[in-house]
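Architecture at a glance
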Amino acid sequence: MILAAGLGTRLKALTQDKPKALVELNGKPLLQHCIENLIANGFYHIVINVHHFGEQIIDFVTQNKFDAVIQISDERDLLMDTGGGIVKATPLFKDSKAVLVHNVDIISDVNLRDMSQQFLDSKDDAWLLTQDRETNRKLLFDDENLLVGWMNKSEEKFKWVHNESALRCFDFAQQPRAQGPSLKEMAFSGLNFFRSDLFAEFEIKPQSVIDLYLNLAKTNRIISKPIQPDYWFDLGKPEQLQAAENYLNNLVK
């Protein structure tokens, strides 16, 4: 599933008349980069959610003959956020054993084919592909790489899977505290795998996928899967688009 329904507010100058998914990188829309990468990694059933200028995405997919079955999850009446979008699209996953969710503004050389097979062979309910990089918002995992919480450093906020008093081991002045469990802080990559029916019991409404994963982690194995690709870009800002373009142009052909 490609998450392509966002408003693209960080790219405002480029998204006044088009969705973020159709903003170009090296002369090609981000959505096309994403679709072609997924097909190259062996994914032939793709669901795309749409909202902002959604009809442009529908037209783009219709006009281009991609070698895959592509379905649209239509959110033009109500933007469902990352979690609500997945919940709404869940019936479209019924013929799949597992699902990869890929933000449309992420471009990387992660080997999704191999990771997909590894996930299918595992006994885990979901993998959150993570990185050890600087960002204010981090996911928190225990020594077994199980999801236990989320934090926003700049706002000094936490969300916990279980009783927060049992896990209150951070002090923003001196973190982490010596006492309490040892937690790993990891950044979410915008890529995640899950069993196809994992979100089936949630209400269809606007909601964050991180909040849903924190809920699911109470009874399911939601795992951190660290990645170290040669390149990974979040293309949410114009300067990030330029950095990605420069990097890709300098790759040896």
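Residues numbered from 1 in each chain as written. Predicted model: local features only at pLDDT ≥ 70, side-chain atom pairs only at ≥ 80, totals over all residues. Heavy atoms only, no water.

A few points about the packing of aromatic side chains
Counting across every chain of the model gives eleven aromatic pairs. Ring centres of Phe194 and Phe199 lie 4.7 Å apart, and the angle between their planes is 80°; on these two criteria the pair is classed as edge-to-face. Measuring from ring centre to ring centre gives 6.2 Å for Phe199 and Phe202, while their planes differ by 45°; the resulting arrangement is tilted. Across the pair, exposure class does not vary: Phe199 and Phe202 are buried alike. Note that Lys159 overlies the ring of Trp150, its terminal NZ or CZ placed 5.2 Å from the centroid. (Phe/Tyr/Trp six-rings, centres within 6.5 Å; stacked < 30°, edge-to-face > 60°. Buried < 20%, exposed > 50% of the residue type's maximum accessible area, 1.4 Å probe, protein only. Lys NZ or Arg CZ within 6 Å of the ring centre and 35° of its normal.)

Comments concerning helix H6 (residues 209-216)
Every α-helical turn comprises 3.6 residues, leaving residues that sit three or four positions apart pointing alike. Across the eight residues of H6, six count as buried, placing the element largely inside the fold. Those residues of H6 lying buried are Val209, Ile210, Leu212, Tyr213, Leu214 and Leu216. By the N-cap criterion, in which a side-chain oxygen at the helix start approaches the backbone nitrogen of a residue two or three places on, H6 is capped by Ser208, the distance to Ile210 being 3.1 Å. (Helix = DSSP H or I, 4+ residues; strand = E, 2+ residues; numbered from the N terminus. Polar contact = N/O pair within 3.5 Å; in protein donor to acceptor, adjacent residues only side chain to side chain.)

A word on the environment of Asp67
Mapped onto the elements, Asp67 comes out in the loop between helix H2 (54-63) and strand E5 (69-74). Along the chain, Asp67 and Val110 lie 43 residues apart, while their C-alpha atoms are 21 Å from each other.

Things to note about unusual backbone geometry
Not every positive phi belongs to a glycine, and Asn145 is a case in point at roughly 65°. Relative to the helices and strands, Asn145 resides in the loop between strand E9 (137-141) and strand E10 (147-152). Of the residues examined, Asn145 reaches a relative accessible area of 23% and is grouped as partly exposed. Even without being a glycine, Glu156 presents a positive backbone phi close to 55°. Take Glu156: it is sitting in the loop between E10 and strand E11 (157-160). Owing to a relative accessible area of 52%, Glu156 belongs among the exposed residues under this scheme.

Structural notes on the pairing of E5
In terms of strand pairing, strand E4 (residues 45-50) meets E5 through six bridges, oriented parallel. By the bridge assignment for E5, Ile48 is matched with Ile72. Handedness of the crossover joining E4 and E5 through H2 is recorded here as right-handed. (Pairing = 2+ DSSP bridges. Right-handed = clockwise from strand over helix to strand, strands pointing away.)

A short note on the pattern of salt bridges
Applying the stated criterion across every chain yields a total of 13 salt bridges. Here Lys28 ties to Glu36 by a salt bridge, and the two come within 2.9 Å at their closest N and O atoms. Classification of Glu36 as partly exposed rests on a relative accessible area of 31%. Residue Lys205 is joined to Glu203 by a salt bridge in which the shortest nitrogen-to-oxygen separation is 4.0 Å. Linked through salt bridges whose partners overlap, the residues forming this network are Arg10, Lys20, Asp105 and Asp234. (Salt bridge = Lys/Arg side-chain N within 4 Å of Asp/Glu carboxyl O.)

Let's talk about the nonpolar core
If you look at the biggest cluster of nonpolar residues, it comprises 33 residues, and the most contacted ones within it are Ile2, Leu31, Ile48, Ile57 and Phe193. Counting residues per element, the ones that place at least two in this core are helix H1 (30-40), E4, H2, helix H4 (112-121), strand E8 (126-131) and strand E12 (184-195). The greatest single-element share of this core, amounting to five residues, is contributed by H1. Other than its neighbours up to four places away in sequence, Ile57 contacts Ala4, Pro19, Ala21, Leu22, Leu31, Ile48 and Val50. Core analysis: the next-biggest nonpolar cluster, separate from the first, contains 29 residues, Ile86, Phe93, Val99 and Val209 among them. (Core = buried A, V, L, I, M, F, W, Y, C linked by side-chain atoms within 4.5 Å. Contact = heavy atoms within 4.5 Å.)

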